[in-house]
Amino acid sequence: MAAESNGSLDLSVFLTGIPGLEAQHGWFSIPFFTVYIVAIVGNNLIMAAVQADPALHEPMYLFISMLAVTEVGVSVSTLPTVMGILWFDARQIDLDGCLAQMFFIHTFSCMESGVLLAMSYDRFVAIYSPLGYTAILTLPRIICMGLGITLKSVTLMAPLPVLLKQLPYCHTSVLSHSYCLHSDLIQLPCADTKLSSILGLAIVLATFGLDSLLIIVSYVLILYTVLGIASGEGRRKALNTCVSHICAVLMYYVPMIGVSVMHRTAKHASPLVHTLMSSVYLFVPPVLNPIIYSVKTKPIRQGIFTLFSCKRKFL
């Protein structure tokens, strides 16, 4: 199938659709495409509302906009192969394209974790020091945080496709999903992948593991601060500002933990179960986050309404 070149193989990789339900791919394409439209349009609306409304140029809303950027990035990274399989049964992808998709999926996922951590810090500062909130989280600092999260994600993920590209592939390469993930790709080379596996684990611990731990620490400090507020109404209002972020964190980390547990403890489960769990992890947060923030955050909701009102005036 492929010719060896510079110690590696220039080959194609075959993706998998929905196991056992290939004949129904056309029907499944409708909800999947709807999910993509809702995710991409919803998150772009949040970004446009924050950019257009000066009243939303505050730390909390800027972080929400950053989260929307990562959600769009994840959605756009998986869309071509997922819809290509469901619409055209286009299961074949060249190795370079697969490695590029893997890089972007994991990079945007890492960025999303970093933004969720930054948002937990934002909530802590807002509750612990409300008077100094805007003085601490200035625009230059927020920009530096965003650039730092991006740089960290790109730097950590860049070695993964480079290492996999150097390895030889000596058999038909079939992945278990309709997109390329590192955990799938390291199973394919007919050479020692210990370095790639160790690096992947180290990256997971240094990003998702550390981020989740720091988010928990942030909420312990938030809870400690809230309990020090004298009035019950004040405590309720303070905690209410964290509800949307808590939902976003749970929607991100719970499916991720579920996928990880499934891979390790339920290897013999139906491939359909693994596919559904991975789909929940990648597709649910981009869809629900803009809905939650639009419903729970009144200024965001008003900004979106204002955006549509302005467009109608121009029309």
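Note that the structure is predicted; figures quoted are calculated from it, not measured. (Residues numbered from 1 in each chain as written. Predicted model: local features only at pLDDT ≥ 70, side-chain atom pairs only at ≥ 80, totals over all residues. Heavy atoms only, no water.)

Q: Would you mind going over the overall build of the protein chain with me for this structure?
A: Within the protein chain one finds twelve helices and five strands. For 315 residues, the compact-globule estimate of 2.2 N^0.38 gives 20 Å, and the C-alpha radius of gyration of the protein chain, at 21 Å, lies within 12% of that figure. For the protein chain, the spread of C-alpha atoms along the three principal axes comes to 70 × 50 × 35 Å. By the burial criterion, 48% of the 315 residues in the protein chain qualify as buried. Long-range contacts, defined here as pairs at least 24 residues apart, represent 78% of the contacts in the protein chain between residues at least 6 apart. (Helix = DSSP H or I, 4+ residues; strand = E, 2+ residues; numbered from the N terminus. Rg over C-alpha atoms; globule rule 2.2 N^0.38 Å. Buried < 20%, exposed > 50% of the residue type's maximum accessible area, 1.4 Å probe, protein only. Contact = heavy atoms within 4.5 Å.)

Q: So what exactly am I meant to see when it comes to the pattern of salt bridges here?
A: Side chains that carry opposite charge are capable of pairing whenever their charged atoms lie near each other. Under the defined criterion, the tally for this structure stands at four salt bridges. A salt bridge links Asp96 to Lys165, with the nearest nitrogen and oxygen atoms 2.8 Å apart. Separated by 69 residues along the polypeptide, Asp96 in helix H3 (residues 95-128) and Lys165 in helix H6 (residues 159-165) bring together distant segments of the chain. Accessibility expressed as a relative area gives 43% for Asp96, which makes it partly exposed. Among the salt bridges present, the one from Asp211 reaches Lys152, with a minimum N-O distance of 3.8 Å. Of this pair, Asp211 sits in helix H8 (residues 194-227) while Lys152 sits in helix H5 (residues 139-157), and the two are 59 residues apart along the sequence. Overall, Lys152 belongs to the partly exposed group, its relative accessible area being 28%. (Salt bridge = Lys/Arg side-chain N within 4 Å of Asp/Glu carboxyl O.)

Q: I tried to follow the UniProt feature "transmembrane region" (unreviewed entry) in the protein chain on my own but got confused; where do I start?
A: As recorded in UniProt, the feature "transmembrane region" (unreviewed entry) lies at residues 27-50, 62-87, 99-119, 131-151, 198-226, 238-255 and 275-295. Secondary structure over residues 198-226 splits into 100% helix and 0% strand, and the C-alpha atoms at its two ends are 40 Å apart. Counting secondary structure, residues 275-295 comes out at 100% helix and 0% strand; the distance between its end C-alpha atoms is 30 Å. (UniProt positions renumbered as here; feature names shortened; annotations may be inferred.)

Q: Could you clarify how one ought to interpret helix H1 (residues 25-52) in this entry?
A: Look at H1: 39 Å from first C-alpha to last across 28 residues, which is about the 40 Å you get at 1.5 Å a residue. Looking at H1, one finds that the buried residues are His25, Ser29, Phe32, Tyr36, Ala39, Gly42, Asn43, Leu45, Ile46, Met47, Ala49 and Val50. (Expected span 1.5 Å × (residues − 1).)

Q: Whenever I open this one, the nonpolar core confuses me. Can you help?
A: Where a protein is soluble and globular, its nonpolar side chains tend to be buried together. Formed by 80 residues in total, the largest nonpolar core has its most connected members in Leu116 and Leu185. Counting residues per element, this core draws most heavily on H3, which supplies 18 residues. The contacts of Leu185, once residues within four sequence positions are left out, are Cys98, Leu99, Met102, Leu164, Leu175 and Cys180. (Core = buried A, V, L, I, M, F, W, Y, C linked by side-chain atoms within 4.5 Å.)

Q: Is there a simple way to explain empty space enclosed by the protein in this structure?
A: Any space left empty among the atoms is revealed by the rolling of a water-sized probe across them. Counted under the stated rule, the structure contains four cavities of 30 Å³ or more. The volume enclosed by the largest cavity comes to roughly 80 Å³. Around the largest cavity, the lining residues are Thr16, Gly17, Ile18, Phe32, Val82, Leu86, Ser178, Tyr179, Thr275, Ser279 and Phe283. Those elements that place two or more of their residues in the lining of the largest cavity are helix H2 (59-88) and helix H11 (271-296). Tallying contributions element by element places H11 first for the lining of the largest cavity, with three residues. Along the lines of polarity and charge, the residues of the lining of the largest cavity split into six nonpolar, five polar and no charged. For the second largest cavity, the calculated volume is near 60 Å³. Considering the residues around the second largest cavity, the lining is formed by Met60, Ile64, Met119, Asp122, Arg123, Thr241, Ser244, His245 and Tyr293. Sorting the residues of the lining of the second largest cavity by element identifies H2, H3 and helix H10 (243-265) as the ones contributing at least two each. (1 Å grid on protein atoms, 1.4 Å probe; cavity = no way out; pocket = protein on both sides within 12 Å on 5 of 7 lines; lining within 4 Å. Points joined across faces, edges and corners; volume = space filled by probe spheres on them. Nonpolar A, V, L, I, M, F, W, Y, C, P; charged D, E, K, R; others polar.)

Q: Even after reading the chapter, I still don't get the confidence of the model for the protein chain, so can you show me in this structure?
A: The predicted coordinates ought not to be read in detail in places where the model reports low pLDDT. Here the protein chain averages 89 in pLDDT, and 93% of its residues register 70 or above. Taken together, the stretch residues 1-9 has pLDDT below 50 and engages in 21 contacts with residues farther than four places along the chain or on a different chain. (pLDDT = per-residue confidence, 0-100.)

Q: Honestly, the sheet that holds strand S4 (residues 92-94) in this entry has me stumped. Any pointers?
A: Picture the strands of a sheet paired through backbone hydrogen bonds; they go either parallel or antiparallel. Read from one edge to the other, the open sheet built from three strands follows the order S4-S3-S5, with strand pairing classed as mixed. Strands with a single pairing partner mark the edges of an open sheet, and in this sheet they are S4 and strand S5 (173-174). Where strand S3 (residues 12-14) lies against S5, two bridges are found, and the strand directions are parallel. In the sheet register, Val13 faces S5, and the bridge partner there is Ser173. (Pairing = 2+ DSSP bridges.)

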